[in-house]
Amino acid sequence: LNNKVLNLKDKISGNEVDLSLCNLTEVPVRELALFPKVTVVDLSCNNITSLPPEFCNLTHLVKVDLSKNQLSSLPDDMGNLMNLQHLDLYNNKLTNLPVSFSQLRSLKWLDLKDNPLELGLAKAAGDCLDEKQCKQCATKVLQHMRAIQEEVDHAREKRLLREKELERKREAKQREREAREREARKREKAEEKEKRRKEYNAQKAALAAQEQQKKKSEEKKKKNGQAAGDKKVAVESKPKPRRSVIGLIFKLLLLLLVGLAGVAAVCRLTDLQKEAFCLPINAAVDDGLSWAKEQQVVLRQLVQNLSTAAKELLESTQTSKN
């Protein structure tokens, strides 16, 4: 790089650098950028096939001679060379110019002879055989390129509008889809809520039915209990006359026994014991006493049973009175 810079220095004269006939295949852009005071560059008669994008950063250039090279295209940002006034592109292989060429507002001189230019561009360029024609070439080519620029801008605007319209439609579709999704979610929530409400009502109805069934069961049990109570009362009330008859019979037997005991006592303890009607009674009493002595245990049990029966009879009588 240092050798190139030194060589470049050797070729600089004032504000000009002559790099013609150097058999260059590319432009030494980095080296040229180191000399911003150099505004005139002669790169003619080399084998340069293309200009690097960085060439468009050399905005200090005023005059550039690229004639008699092998250029088939120029960088897209060629319009950045805002100070460029003189551009010689004679005898290259150019067919078109970049759209940004229309931005070279300082361009006053242009030579595009001996290039396989596209028909419209060739017609705008015309001949460049003298100073006047080359100036006209610059003016007309700039006008042509501005028209192309307008077409490109218009096409770009249409494309942007189309893209905007497509984006608007996409957004509308997106909003519509989101609205449908919201509506679907809302509907699902409503259906879920309705489902929960039905389940709640069903549970409530089931609980009410259970409660009603329980109430009916309790009422049925209560009725059955009352019926059973009535039956019990009827059953308990029916034996009362029977108990009364038994008590009456028992009382009569007791009176009879008391009477017999009284008769036996009279025949046993009074002067009547020798009377004829007392003899069999006394004999029966003696036999009874003998038998009673023999059957003392049986008699005691009998007495106990009689006592218990009498007690129960008295209790039942008191209960019936209450």
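What counts as what
Residues numbered from 1 in each chain as written. Predicted model: local features only at pLDDT ≥ 70, side-chain atom pairs only at ≥ 80, totals over all residues. Heavy atoms only, no water. Helix = DSSP H or I, 4+ residues; strand = E, 2+ residues; numbered from the N terminus. Buried < 20%, exposed > 50% of the residue type's maximum accessible area, 1.4 Å probe, protein only. Contact = heavy atoms within 4.5 Å. Areas by Shrake-Rupley, 256 points an atom, 1.4 Å probe, with all protein chains shown as cover. Pairing = 2+ DSSP bridges. Disulfide = S-S within 2.5 Å. Core = buried A, V, L, I, M, F, W, Y, C linked by side-chain atoms within 4.5 Å. Patch = residues over 30% accessible without salt bridge, like charges linked within 9 Å, V, L, I, M, F, W, Y side chains within 5 Å. Salt bridge = Lys/Arg side-chain N within 4 Å of Asp/Glu carboxyl O. Polar contact = N/O pair within 3.5 Å; in protein donor to acceptor, adjacent residues only side chain to side chain.

Enquirer: What's the story with the overall build of the protein chain in this structure? I'm lost.
Expert: When its secondary structure is counted, the protein chain shows seven helices and six strands. The 322 residues of the protein chain split such that 23% are buried. In the protein chain, 37% of the contacts between residues at least 6 apart in sequence involve partners at least 24 apart. For the protein chain, the exposed surface amounts to about 23500 Å²; the carbon and sulfur share of it is 54%.

Enquirer: In this structure, what is going on with the sheet that holds strand β6 (residues 109–111)? I would like to understand it.
Expert: Paired through backbone hydrogen bonds, the strands of a sheet run either parallel or antiparallel to each other. The strand order across the open sheet built from six strands is β1-β2-β3-β4-β5-β6, with neighbouring strands paired in mixed fashion. Single-partner strands in this sheet number two, and they are β1 (12–13) and β6. Bridging between β1 and strand β2 (residues 16–18) involves two bridges; their strand directions are antiparallel. Its bridge partner being in β2, Ile12 is matched across the sheet by Val17.

Enquirer: It is not clear to me how the state of the cysteines should be interpreted in this structure. Could you clarify?
Expert: Two cysteines joined by a covalent bond between their sulfur atoms form a disulfide. Considering all chains together, one arrives at one disulfide under this definition. Among the cysteines around Cys137, which has no disulfide bond, Cys128 carries the closest sulfur, lying 5.7 Å off.

Enquirer: Sorry if this is basic, but what is going on with the nonpolar core here?
Expert: Within soluble globular proteins, side chains that are nonpolar generally end up buried alongside one another. Counting 39 residues, the largest nonpolar core has Phe55, Phe101, Leu110 and Val141 as its most contacted members. When residues of this core are traced back to their parent elements, those giving at least two are α2 (29–33), α3 (119–125) and α4 (131–237). The dominant element in this core, judged by the number of residues it contributes, is α4, at five residues. The contacts of Val141, once residues within four sequence positions are left out, are Leu97, Phe101, Leu110, Leu112, Leu121, Ala124 and Ala125.

Enquirer: Can you walk me through a nonpolar patch on the surface in this structure?
Expert: Nonpolar side chains collect at one region of the surface, where Val245, Ile249, Leu253, Leu256, Leu257 and Leu260 lie side by side and expose about 570 Å² of accessible area between them. Among the secondary structure elements, Leu257 is positioned in helix α5 (residues 239–269).

Enquirer: Before we go on, may I ask you to explain the side chain of Gln149 in this structure?
Expert: Among the structural elements, Gln149 can be located in helix α4. The class for Gln149 is buried, based on a relative accessible area of 15%. Apart from the residues within four sequence positions on either side, Gln149 is in contact with Val99, Ser100, Ser102 and Gln103.

Enquirer: Looking at this structure, how should I read the side chain of Asn46?
Expert: Mapped onto the fold, Asn46 is located in the loop between β3 (40–42) and β4 (63–65). Reaching out from Asn46, the side chain makes a polar contact with the backbone oxygen of Ser44 at a distance of 3.1 Å. Among all residues touching Asn46, those that are not within four sequence positions of it are Leu19, Ser20, Leu21, Cys22, Asn23, Leu24, Lys68 and Asn69.

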